[in-house]
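Listed below are the residues making up each chain.
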Amino acid sequence: MSSVARVTTITSRSDQSFEAAIRDGVKRASETLRHIEGAWVKDQTAIISDGEVTSWQVVLEVTFVLE
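Residues numbered from 1 in each chain as written. Predicted model: local features only at pLDDT ≥ 70, side-chain atom pairs only at ≥ 80, totals over all residues. Heavy atoms only, no water.

A. Region of interest: the side chain of Glu61. Note that Glu61 resides in strand 3 (residues 52-65). What makes Glu61 buried here is its relative accessible area of 13%. Among the polar contacts listed, one links the side chain of Glu61 to the side chain of Thr9, at a separation of 2.9 Å. If sequence neighbours within four positions are ignored, Glu61 has contacts with Val7, Thr8, Thr9, Gly38, Ala39, Trp40 and Lys42. (Helix = DSSP H or I, 4+ residues; strand = E, 2+ residues; numbered from the N terminus. Buried < 20%, exposed > 50% of the residue type's maximum accessible area, 1.4 Å probe, protein only. Polar contact = N/O pair within 3.5 Å; in protein donor to acceptor, adjacent residues only side chain to side chain. Contact = heavy atoms within 4.5 Å.)

What follows is the structure, given as structure tokens:
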């Protein structure tokens, strides 16, 4: 049996790290998307204020299998 997957783009931000932003984004996506198979980090951005990193942002391509 074959399967069909869909990819959706989400953005997540954390005040801790890129890894935390990824984890938070996948966790939140899993609240509304079923059968998540993977996530690709498409982009990473450090948010700077007064010369200091204040948060980390990622753009994720989340892949999930359609029912």
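B. Quick peek at the sheet that holds strand 3. Spatial ordering of the open sheet is given by 1-3-2, a layout of three strands whose pairing is antiparallel. The sheet terminates laterally at strand 1 (5-14) and strand 2 (36-49), the two strands that pair on one side only. On average, adjacent strands in this sheet sit at an angle of 15° to one another, irrespective of strand direction. The pairing of strand 1 with strand 3 spans 10 bridges and is classified as antiparallel. Within strand 3, the residue paired with Val7 across the bridge is Thr63. (Pairing = 2+ DSSP bridges. Axes fitted to C-alpha atoms, helices over the stretch in contact; angles between N-to-C directions.)

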